[in-house]
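Fold and contact review
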Amino acid sequence: MDFDFSPVTDNWRYLATGLGITLLLSILTVVCSLIAGTLIALGRMYGPTWLQKILTFYIDSQRAIPVLVVLVWIYFALPVLTGVNFPPFWAALLALTLHISAYVAEIVRAGISSVRNGQTQAGLVLGMSPRQVLTKIILPQAIIRMLPSIGSIISITIKDTAIAAVIAVPELMKRAETVSGQTFRPMEVFTTIMVVYFLVLFPTTRLIDRLYDRVSYRGRS
Amino acid sequence: MSNVTEADFGRKNASSTPVVEYRDVRKQYGNFTALDGVSARVNRGEVLCLIGPSGSGKSTLLRTTNALEVIDGGQLYFDGHPLPSSKAEIRKVRQRMGMVFQSFELFPHKTVLENITIGPLTVLGISEAEANARARVLLEKVGLTDKADRYPANLSGGQQQRVAIARALAMEPEVMLFDEPTSALDPETIGEVLNVMKRLADEGMTMVVVTHEMSFARRVADWVVVFDHGKIVEQGPPAQIFDAPREDRTRNFLSHLGWNG
Amino acid sequence: MNLDWSVVWQFSGTLAKGAGITILLTIATMAVAVPGGIVLALMRLSPNRVLNWMALCFVEFFRNIPLILLVYWSFYVLPVLSGLTLPPFTTGLVALALNVSAYNSETFRAGINSIRKGQSEAGLALGMSHIEVMRKIVLPQAARRVLPVLASTWVSLFKDTSLVSVIAVGELAHTALEIRSQTFRILEILTAMAVIYWVLGYPQAKLADWIYRKWGVKE
Ligand SMILES: Nc1ncnc2c1ncn2[C@@H]1O[C@H](COP(=O)(O)OP(=O)(O)OP(=O)(O)O)[C@@H](O)[C@H]1O
Ligand SMILES: [Mg+2]
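Read on for a plain summary of the structure. (Residues numbered from 1 in each chain as written. Chains lettered and ligands numbered in written order. Predicted model: local features only at pLDDT ≥ 70, side-chain atom pairs only at ≥ 80, totals over all residues. Heavy atoms only, no water.)

**Examining the overall build of chain A**
This is how it is decided: Put simply, DSSP marks the helices as runs of H or I at least four residues long and the strands as runs of E at least two long, and each gets a number from the N terminus on. Partly exposed residues are those whose accessible area sits between 20% and 50% of the maximum for their type, while under 20% is buried and over 50% is exposed, using a 1.4 Å probe and protein chains only. Contact criterion: two residues are considered in contact whenever any of their non-hydrogen atoms come within 4.5 Å of each other. Areas reported here follow the Shrake-Rupley algorithm with a probe of radius 1.4 Å; residue values treat only the protein chains shown as occluding. His is not counted, nor are the chain ends; Lys and Arg add positive charge and Asp and Glu add negative charge. Note on charges: their place is set at NZ of Lys, CZ of Arg, CG of Asp or CD of Glu.
When its secondary structure is counted, chain A shows 9 helices and 0 strands. Tracing chain A from N to C terminus, the helices and strands come up as α-α-α-α-α-α-α-α-α. Over its C-alpha atoms, taken along the principal directions, chain A stretches across nearly 70 × 45 × 25 Å. Residue burial in chain A is summarised as follows: out of 221 residues, 51% are buried. Across chain A, every contact between residues at least 6 apart in sequence was considered, and the portion connecting residues at least 24 apart equals 76%. Total accessible area on chain A stands at roughly 9,800 Å², and carbon and sulfur atoms take up 67% of it. Distance between charge centroids for chain A: 18 Å, based on 18 positive and 11 negative side chains.

Encoded structure:
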């Protein structure tokens, strides 16, 4: 068996740009999903009953459907319905956010419900409004408790962006496919980017676990 | 307004408007009657201790005082006015009452100093400098000046409860409500909390204290209310309750605790 | 916009076959990944440092790469490394099993670790035999930790099988995407695909929730 890594080295700039797009898509998806997921969770916990029902259904449906299906549906089917074509990158951001925000919503809900009832009362007896109790007392603690789960969300998001290759978003996975197809060196190319993904993902999850170890006591009431 | 009965005669500030007055207060949980027509008053500057067996309704009565529990019958007066029903008005009333919980309930994401300033800052809207100055004075009072920048997780139970007292005092309340403030503490830290409470009483703070610490009640209370099954069994000055109880149930309760004067 | 939903009925047999393969692939993967996970977990807990370290590397590596990349890699690299030409179904099964075994190993490890030594000592002190302690005390408690996590891994796996569509395993996603390019009834077919996944996946997700509520350990 002979190895030839020149396809990787020759195209490193092309692949590196792909990694940049992977990271950009990941960051945007995480930010949008955290915001949307928090709103969904709040609506599900404190909204009117009809909204709670709709949001529960939405969350459970996203948990039942593969992200690949959401991606191809948003990219291929939605334009048929609306007549508006999204560029692949934005279609991927929309689809990934739709999917991942449902998971974030579950995490936020679990985080909020895990804060003891006594904390709410301690805020109320100081004369705070329910909104002040939520934003100043419950949410900050919930966020600290959610850190490990947010770490998993970041990791899942980075991994899921690779699926956007299916709708030709020019991120790392797609570019690896292109290079491997042109050079007929799939083994070297795919093995290399596997290591690259690992080198991005492993430290990221470790870093967040570290951070949590350092601040977890601030969420324990 | 303040209908002084014979029984109240001789109590501290008996002739002026009580800070808190319960008139025939009732509270139901489903079919269960937690408060069955409770009438009592808390005069200004008085320390009132609520004692009684577990499940008798002491916490429930305390929590109706600041509307954490809504009453199902009777009337509750704060400073001569019926407790309001609108949420905004209740918030105003709560700002004038302090409450200390059995489980401390300090905010774990805030430092000790921030725990004390959060009330005045968010609710009273005073300046940060003023809130900090106020907090430092209170920390000195509860003997924790050196712990200002610690997080609650790094304090002992007794220290946490003293911070919780300071947090309540920071609102400059007219009455302090304590719900078994020492029940969750290690025996060796109970004393430091009781001492802080004793000092508060000596300064003339109006206090309602649910407690199982009979020696504290005997020593510090001006008035003791004995509870059983959602009703007041007997109330009177500590000398009466502890040395010459008029009711058998009071005597039974005290002897169960091993109290013998 | 003219929609023609009859295309869905026309291809309903093909779609059903795809859904069947999706389910088969899910079951087959779990059948490999549960024993795989147990072996890895035992390696992780063994006092042998080499075994321990090998299992750690395996688990951390396969948990920290995108599954779709693992699918491609298995497709292109596995035949070269092994000298065998595997059918797409088997290739997809290998990729999924590597991934799910890594996750299951962490599940089993957490389950075993959760049982404090005091628990088995308490059993022994009552005069139970080691086997009785295992059967009546250790395993039931471990199962309460493991089962709910396995159930949610199952749901994830069911959805992840769609990723092997990129190497032409004829499961539901691949089948639907093929019909789409044959008929150009994009909206109808892709919607049908989403609905079929939903119909199959929704009860599974609810069942996993139920298992968690019934057996899950709440801390
Ligand atoms: N939210 C609730 N729902 C139903 N019943 C309740 C509720 N809160 C309290 N109770 C019941 O009301 C009764 C009085 O409770 P309360 O907490 O006031 O007792 P307590 O005198 O403070 O007892 P302890 O000394 O144990 O704290 C108890 O029997 C309790 O079970
Ligand atoms: Mg109580």
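**What about the overall build of chain C?**
For chain C, the count of helices and strands is 9 helices and 0 strands. Helices (α) and strands (β) of chain C occur, in sequence order from the N terminus, as α-α-α-α-α-α-α-α-α. Principal axes of the C-alpha set define a box for chain C whose edges measure 75 × 45 × 25 Å. When burial is assessed residue by residue, chain C has 45% of its 219 residues classed as buried. Taking all contacts inside chain C whose residues are at least 6 apart in sequence as the whole, residues at least 24 apart take part in 78%. Carbon and sulfur atoms make up 67% of the accessible area of chain C, which amounts to about 10,900 Å² in all. Taking the average place of the 18 positive charges on the side chains of chain C and the average place of its 11 negative ones, the gap between the two points comes to 9 Å.

**So, unusual backbone geometry**
All names here are of chain B. At D24, a residue that is not glycine, the phi angle is positive and equals roughly 55°. Among the secondary structure elements, D24 is positioned in strand β1 (residues 20–29). By relative accessible area, D24 is classed as partly exposed at 37%.

**Focus: the packing of aromatic side chains**
To keep it simple, the criterion reads: Pairing of aromatic side chains requires ring centres within 6.5 Å, counting the rings of Phe and Tyr and the six-membered ring of Trp. Pairs whose planes differ by under 30 degrees are stacked, by over 60 edge-to-face, and all others tilted. Either the NZ atom of lysine or the CZ atom of arginine qualifies as a charge over a ring when it sits within 6 Å of the ring centre and within 35 degrees of the ring normal.
In this structure the tally under the stated criterion is 17 aromatic pairs over all chains. With 5.6 Å between their ring centres and 15° between their planes, A:F190 and C:Y72 make a pair best called stacked. In this pair, A:F190 sits in helix α9 (residues 186–215) while C:Y72 sits in helix α4 (residues 67–82), so the two residues belong to two different chains. The buried category is assigned to A:F190, whose relative accessible area is 0%. Grouped by ring-pair contacts, the aromatic residues A:F198, A:F202, C:F58, C:F61 and C:F62 constitute a single cluster. The side chain of A:R175 reaches across the aromatic face of A:Y14, ending 4.3 Å from its centre. Its guanidinium or amino end placed over the ring of C:W215, C:K214 lies 5.4 Å from that ring's centre, counting from NZ or CZ.

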